[in-house]
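Reading the structure
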Amino acid sequence: MDKGAKKEMKWIYEEIVGRIPPFSLVSYQYSILMQLLFLLILGLIFGFIFNLESISLFYGSLAILVAVSWSLLILQLGPTLRKFRAPLSKDENELLERYKGILFHRNHYEAIPGLAIFIQFMLYLFFYGSDLVENWLGKNPHIILLLFVSLLIWDICYRMGLGIWASVLALWRSVRLKKLAEKRTELEHTPYTELRSLQKLDINNVFFGIISLLLIPLLQSDNFLVTIIVIFMLFITLISVISAYIVSKVPWLPPDIYNLVNESSFAYIGTSLGGVTHVTPVVYVFDGQKIFFNTSKEAKKLKIMQKNNKVAFLIDKRDMSNIYENKAVLFTGEVKIYGLLDVPLRLVQMLQTLSLFIKKYPEYTRKYSTSELPKAWQLTPIIARILVEVKPIKIIYWRGAKQISVPV
Amino acid sequence: MKIPVEMRNILYGNYFGYVCTSDRHDQPHLTPVFFVYDEHSQKIFFITNDKSKKVKNIFENPNVSITIDIRDTVNPFNNEGVMAQGTANVTEHAPIYFLSEETLQLYYDIYMEFKSKYQKVIENKPLGENDVIVQISIQKIVYWKGPHFKSVRLDNTGLG
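Residues numbered from 1 in each chain as written. Chains lettered and ligands numbered in written order. Predicted model: local features only at pLDDT ≥ 70, side-chain atom pairs only at ≥ 80, totals over all residues. Heavy atoms only, no water.

1. Comments concerning helix H7 (residues 111-127) of chain A
All names here are of chain A. Applicable threshold: Only DSSP runs of H or I covering at least 4 residues are called helices, and only runs of E covering at least 2 are called strands; the numbering of each starts at the N terminus. One less than the number of residues in a helix, times 1.5 Å, gives the span that helix is expected to have. With a 1.4 Å probe rolled over the protein chains alone, any residue whose accessible area is under 20% of its type maximum counts as buried; one over 50% counts as exposed, and the rest are partly exposed. Working note: the arc is built from the helix axis to C-beta atom directions.
Relative to the 24 Å expected for 17 residues at 1.5 Å per residue, H7 spans 23 Å between its end C-alpha atoms, a close match to the ideal helical length. What H7 keeps buried is the set Ala-111, Gly-114, Phe-118, Phe-121, Met-122 and Leu-125. Each buried residue of H7 lies within a common arc of 105 degrees when the element is viewed along its axis, so the set occupies one face. Every exposed residue of H7 that faces more than 90 degrees away from the buried side is listed here: Ile-112, Gln-120 and Phe-127.

2. Concerning the confidence of the model for chain B
Note that predicted coordinates carrying low pLDDT should not be read in detail. Note the threshold: Every residue is assigned a pLDDT by the predictor, reflecting its confidence on a scale from 0 to 100.
Confidence in the prediction of chain B, expressed as mean pLDDT, is 85, and 89% of residues score 70 or more. Two summary scores accompany this predicted model of the complex, namely pTM at 0.81 and ipTM at 0.89.

3. Some details on the packing of aromatic side chains
Applicable threshold: Working definition: rings of Phe, Tyr and Trp (its six-membered ring) pair if their centres are within 6.5 Å, and the pair is stacked with planes under 30 degrees apart, edge-to-face with planes over 60 apart, and tilted otherwise. In this analysis the charged atom, NZ for Lys or CZ for Arg, is taken to sit over a ring once it is within 6 Å of the ring centre and within 35 degrees of the ring normal.
For the structure shown, the criterion picks out 24 aromatic pairs over all chains. A ring pair is formed by A:Phe292 and A:Tyr338, whose centres lie 6.0 Å apart and whose planes are at 65 degrees; its orientation type is edge-to-face. Here A:Phe292 is found in strand S3 (residues 291-296), whereas its partner A:Tyr338 is found in the loop between strand S5 (327-337) and helix H15 (342-345), with 46 residues between them in sequence. A single burial state applies to A:Phe292 and to A:Tyr338, both of which are buried. Grouped by ring-pair contacts, the aromatic residues B:Tyr15, B:Phe16, B:Phe34, B:Phe114 and B:Tyr118 constitute a single cluster. For A:Arg173, the ring lying beneath its charged end belongs to A:Tyr99, and the centroid distance is 5.1 Å. Sitting over the face of the ring of B:Phe35, B:Lys117 holds its NZ or CZ atom 3.7 Å from the ring centroid.

4. Observations regarding a nonpolar patch on the surface
Residues and elements named next belong to chain A. Our working rule: Patch membership requires over 30% relative accessible area and the absence of a salt bridge. Like charges are linked within 9 Å, and nonpolar side chains (Val, Leu, Ile, Met, Phe, Trp, Tyr) within 5 Å. Note on areas: Shrake-Rupley with a 1.4 Å probe; residue coverage comes only from the protein chains shown. By definition here, a salt bridge exists when the distance from a side-chain nitrogen of Lys or Arg to a carboxyl oxygen of Asp or Glu is within 4 Å.
A contiguous nonpolar patch, built from Leu-115, Ile-119, Leu-123, Phe-126, Phe-127 and Tyr-128 and spanning about 660 Å² of accessible area, is present on the exposed surface. Structurally, Tyr-128 is set in the loop between H7 and helix H8 (132-137). Classification of Tyr-128 as exposed rests on a relative accessible area of 61%.

5. Looking at the interface of chain A and chain B
Put simply, the rule reads: Note on contacts: a residue pair is in contact if any heavy atoms of the two residues lie within 4.5 Å. Throughout, the accessible surface (probe 1.4 Å) given up by two parts as they are put together, summed over both, is called the buried area. Distance and chemistry together define a polar contact, namely a pair of N or O atoms within 3.5 Å, with one atom able to donate a hydrogen and the other to accept it when in protein, and with adjacent residues in sequence counting only for side-chain atoms on both sides. Gly is placed with the polar residues, together with every amino acid not listed as nonpolar (Ala, Val, Leu, Ile, Met, Phe, Trp, Tyr, Cys and Pro) or charged (Asp, Glu, Lys and Arg).
Listed by partner, the interface residues are 40 residues for chain A and 38 residues for chain B. Summing the contributions of chain A and of chain B, the shared interface buries around 3400 Å²; its carbon and sulfur component is 65%. The tally of links from chain A across to chain B stands at two salt bridges. For A:Asp316, the salt bridge goes to B:Arg71, with nearest N and O atoms at 3.3 Å. Here chain A and chain B share 19 residue pairs in polar contact (both at pLDDT 80 or more) between them. Contributions of two or more residues to the side of chain A that touches chain B are made by strand S1 (266-273), strand S2 (276-286), strand S4 (310-317), S5 and helix H17 (362-368) of chain A. Here the element with the most residues in the side of chain A that touches chain B is S1(A); it accounts for seven residues. Partitioning the side of chain A that touches chain B into residue classes produces 21 nonpolar, 13 polar and six charged.

6. Quick word on the packing of helix H3 (residues 28-49) of chain A against helix H4 (residues 54-74) of chain A
Residue and element names in this part refer to chain A. The line we're drawing: Each axis is a line fitted through C-alpha atoms, and for a helix only the stretch in contact is used; angles between axes span 0 to 180 degrees, taken between their N-to-C directions. Geometric relationships in this document are graded by angle, where less than 35 degrees denotes roughly parallel, more than 145 denotes roughly antiparallel, 65 to 115 denotes roughly perpendicular, and other angles denote oblique.
Interaxial distance between H3 and H4 falls to 10 Å at its minimum, and their mutual angle equals 175 degrees. The orientation of H3 relative to H4 falls into the category roughly antiparallel. On H4, the residues that touch Ile-32, Leu-33, Leu-36, Leu-39, Leu-40, Gly-43, Leu-44 and Gly-47 of H3 are Leu-57, Ser-61, Ile-64, Ala-67, Val-68, Ser-71 and Leu-72. Here the contact of H3 with H4 is built from residues that sort into 11 nonpolar, four polar and no charged.

7. What to know about the pairing of strand S2 (residues 28-38) of chain B
All names here are of chain B. We apply this condition: Each pair of strands is called paired provided DSSP finds at least two bridges between the two strands.
Here S2 lies mainly inside the structure; eight of its 11 residues are buried. Counting the residues that bridge the hairpin from strand S1 (residues 16-22) to S2 gives five residues, and of these Asp-26 lies at a positive phi of roughly 65 degrees. As paired elements, S2 and strand S3 (residues 43-49) share four bridges and run antiparallel to each other. Of the residues in S3, the one forming a bridge with Phe-35 is Phe-46. Counted between consecutive antiparallel strands, the loop separating S2 from S3 contains four residues, among which Gln-42 sits at a positive phi close to 55 degrees.

Here's what the structure looks like:
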């Protein structure tokens, strides 16, 4: 195994600067913040010494703000991936290890895009007659100022490169993960929490892309560079949205449980209030990601769940002729009860769920819609029966007499 | 009070029960069980492992409920079932020669009941070393058939 993936996952620039006191004395994240604060103070001092215009100070601070925001977003990659629990699938685990291995490779490939951007931008700035430097610092700026600005440009370019590096790799990882997930067998899967954290990293990258728009005021006099920034923004944002979407489509349940949940007709919902428990059968639907059941407004369980939303939700396949074929899955966790407020906010989700109910239980829907029934049992409007979403925290799976705990 | 006949029919005529327990933090837990019902004591018995989560929960909180139902995927009006709520008691667990005569008798009776009810699945499998009998004293039963509900409260005084 690559040793580089095992040690603290850091990129080259952060690693080098992190070794210089006083940055080496504080934790990784704080040291990045300190470096940028240090730059900010240095910039203000230079501004004072060289008598710069306030617009120059504004430009400098904006550049530092972008660098800080980018750092804060992208630096969550290391700690999040370090905490990542190994997927319970050999292939998916290998993929994640490879992803981490490349992302934080000991040859530091991550610096290449940044370096490429930096070199081209510097050439453009100083050799192609761009008037940006004059815009920023006025005529004939002091060499120290030029060096300082170059340092800031490096900071920005390096992080732009990291953004490209991280988001492209993330997309590759998501596509591969989705593919591998289709070949899972039995209980192989990547736990829900880990899929969500991958998705969160992708959402971070979306913000990363959007933040780049803050650079536009600095480059406004140059339409070409403004276009480049907009393209960069669209590129990062789009790639990250696609990656997050693909991850959201990776099933978080292993195939055995996925199929059981998908194929069963009934579930049991256990609730508890003040220690007094309650358990009843319910009809439910599963959209591949979320589990919903519905209940009458008058139901005792609804009143209990409104006071204590912790539940146990069990789906099973029972067969008296062969108990070794019996299967059951227990989700313990919480529920979200959909109320009136959710109608405008989650209308699409609610309509989709309703149509799943109609498809899964056509007879039920028909019979529940007759007006001969007590009001509480009628299905007609969405709201007549209350929609409840199960949010599992723990999963227990039984196959025959074997009990297996499945990480969420 | 006697349990009405339609409820008794459900208790006698079905193989699977769903036991809900909850821990001291009010977190429910649910498992399918094989059970037998004894009309004389108005108790439901099931056998489980003494290391199981439900036994741990019962020691923290003896209030349990069990649902036994007939489900029809096509016609909801055929759905019929009962939910019994009550308090559970786990039989003492010790090597067999330390058990009281009363407990031994209970083990014997319940085991024979199980054997006759679940002949096909139990065959001659003896009770396991860690198996314990859980008895539920029913305090309240809710019965439903289609959209109709009915409930009775029994005067089995257990823990309130």
